[in-house]
Amino acid sequence: MTSSHRAVAIDGPAASGKSTVAKRLAASLGLVMVNSGAMYRAVTWQILQDGIDPADPEAVIQALAKMTIVCGMEEGLSTISINDRLLTSELRAPEVNDNVSKIASIPELRERLVAMQRAYLEETDVVMEGRDIGSVVFPETPFKIYIDASEEVRAARRSKDGEADAVAARDAQDSQRKVSPLKISEGAIVIDSSDLTIEGTVAAAHEALLKLGWED
Ligand code: DC
């Protein structure tokens, strides 16, 4: 890593609690929280909007070439716009949940988004959450955390949020894909959040960072 900025990598399966933890951890440490999943979701939303079949990689890559994707920051959180439209609630639409894993398995697309994820570190210290942050985006960072939770707990969390999301199916696709599959990267500290409160998980993540050599 040539940047002088620090990256905290938080990976884990869907609904493991990693977004909430990343957000709180970033706020308490004064870092910017970057939600990399939002980028894959944004492209998925645009592809569906354009009437393109997400299961057709060639068509997705062609459409991608015409997309203007802008990643930003606002009040300590990452933002994403496509073709000048700032995307927010659209990212959680059920059709996005259903199709994002297909889109995320396209190597050309991942390459473009990973470059944008790394670019954040040129500007600021980050807590970035996703599936391949410790393994691919910032493999050199010593600050790697993997947040897990049982399948039952994760499914319950999603339905409590009122969201239709087949988390188990999405995880299977995200873990089995050829490029950058979800996995525990070497050196990561694993936190099982199944029986922890949000506060408890954030505290465990902070403790993990200190163990990994983080200095507040
Ligand atoms: O974190 P999330 O559930 O919002 O992510 C949505 C999807 O994006 C997830 O099912 C897989 C993909 N993703 C990815 O492949 N790599 C990342 N770093 C982040 C998300």
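Structural data are supplied above this passage.
A. Up close: the nonpolar core. In terms of nonpolar packing, the biggest core is built from 37 residues, with V43, I69, L109, L113, V126, M128 and F138 touching the most fellow members. Counting residues per element, this core draws most heavily on helix α2 (residues 36-49), which supplies seven residues. Ranked by size, the runner-up nonpolar core spans 18 residues in total, among them M33, V127, I191 and V202.

B. Up close: the side chain of T124. Residue position: T124 is located in the loop between α5 (107-123) and β6 (126-130). Discounting residues that sit within four places of it in the chain, T124 has contacts with H5, V32 and M73.

C. Representation of the site of the ligand. Near the ligand you find 16 residues, and of these R41, R110, D132, R170 and D174 are the closest. Contact between the ligand and S36: a nitrogen atom at 3.0 Å from a side-chain N or O atom of the residue. At a separation of 2.6 Å, an oxygen atom of the ligand approaches a polar side-chain atom of D174. Relative to its unbound accessible area of 450 Å², the ligand is 98% covered by the protein chains. When contributions to the shell around the ligand are tallied by element, the ones reaching two or more residues are α2, α4 (94-103) and α8 (167-176). Examining the composition of the shell around the ligand, we find that four residues originate from one element, α2, more than from any other.

D. Structural detail: the packing of α2 against α5. Running from N to C, α2 and α5 point in directions that differ by 140°, and their axes come no closer than 11 Å. Our classification of the angle between α2 and α5 gives oblique. At the point where α2 passes α5, the crossing takes the right-handed sense. Across from S36, M39, Y40 and V43 in α2, the residues of α5 making contact are L109, R110, L113, V114, Q117 and Y120. Here the residues of the contact of α2 with α5 sort into seven nonpolar, two polar and one charged.

E. Looking closely at the packing of aromatic side chains. Within the structure shown, the criterion is met by one aromatic pair. Note on F143 and W214: the rings are 4.9 Å apart at their centroids and 80° apart in plane angle, and the pair reads as edge-to-face. Separated by 71 residues along the polypeptide, F143 in the loop between α6 (133-137) and β7 (144-148) and W214 in the segment after α9 (198-211) bring together distant segments of the chain. Of the residues examined, F143 reaches a relative accessible area of 8% and is grouped as buried.

F. Inspection of the pattern of salt bridges at higher detail. The final tally for this structure, using the stated rule, is seven salt bridges. A salt bridge links R85 to E90; its shortest N-O distance comes to 2.8 Å. Accessibility expressed as a relative area gives 15% for E90, which makes it buried. Where R131 meets D174, a salt bridge forms, and the shortest distance between an N and an O atom there is 3.7 Å. Linking R131 in the loop between β6 and α6 with D174 in helix α8, this pair joins segments that are 43 residues apart in sequence. The pair R131 / D174 is uniform in exposure class, with both members buried. By sharing partners, the salt bridges in this structure join R131, D174 and R177 into a single network.

G. Spotlight on the environment of E186. Along the chain, E186 turns up in the loop between α8 and β8 (189-192). Sequence separation between E186 and P142 is 44 residues; the distance between their C-alpha atoms is 9.7 Å.

Cut-off values and rules
Residues numbered from 1 in each chain as written. Predicted model: local features only at pLDDT ≥ 70, side-chain atom pairs only at ≥ 80, totals over all residues. Heavy atoms only, no water. Core = buried A, V, L, I, M, F, W, Y, C linked by side-chain atoms within 4.5 Å. Buried < 20%, exposed > 50% of the residue type's maximum accessible area, 1.4 Å probe, protein only. Helix = DSSP H or I, 4+ residues; strand = E, 2+ residues; numbered from the N terminus. Contact = heavy atoms within 4.5 Å. Near = heavy atom within 4 Å. Polar contact = N/O pair within 3.5 Å; in protein donor to acceptor, adjacent residues only side chain to side chain. Areas by Shrake-Rupley, 256 points an atom, 1.4 Å probe, with all protein chains shown as cover. Axes fitted to C-alpha atoms, helices over the stretch in contact; angles between N-to-C directions. Parallel < 35°, antiparallel > 145°, perpendicular 65-115°, else oblique. Left-handed = near helix turned anticlockwise from the far one by under 90°. Nonpolar A, V, L, I, M, F, W, Y, C, P; charged D, E, K, R; others polar. Phe/Tyr/Trp six-rings, centres within 6.5 Å; stacked < 30°, edge-to-face > 60°. Salt bridge = Lys/Arg side-chain N within 4 Å of Asp/Glu carboxyl O.

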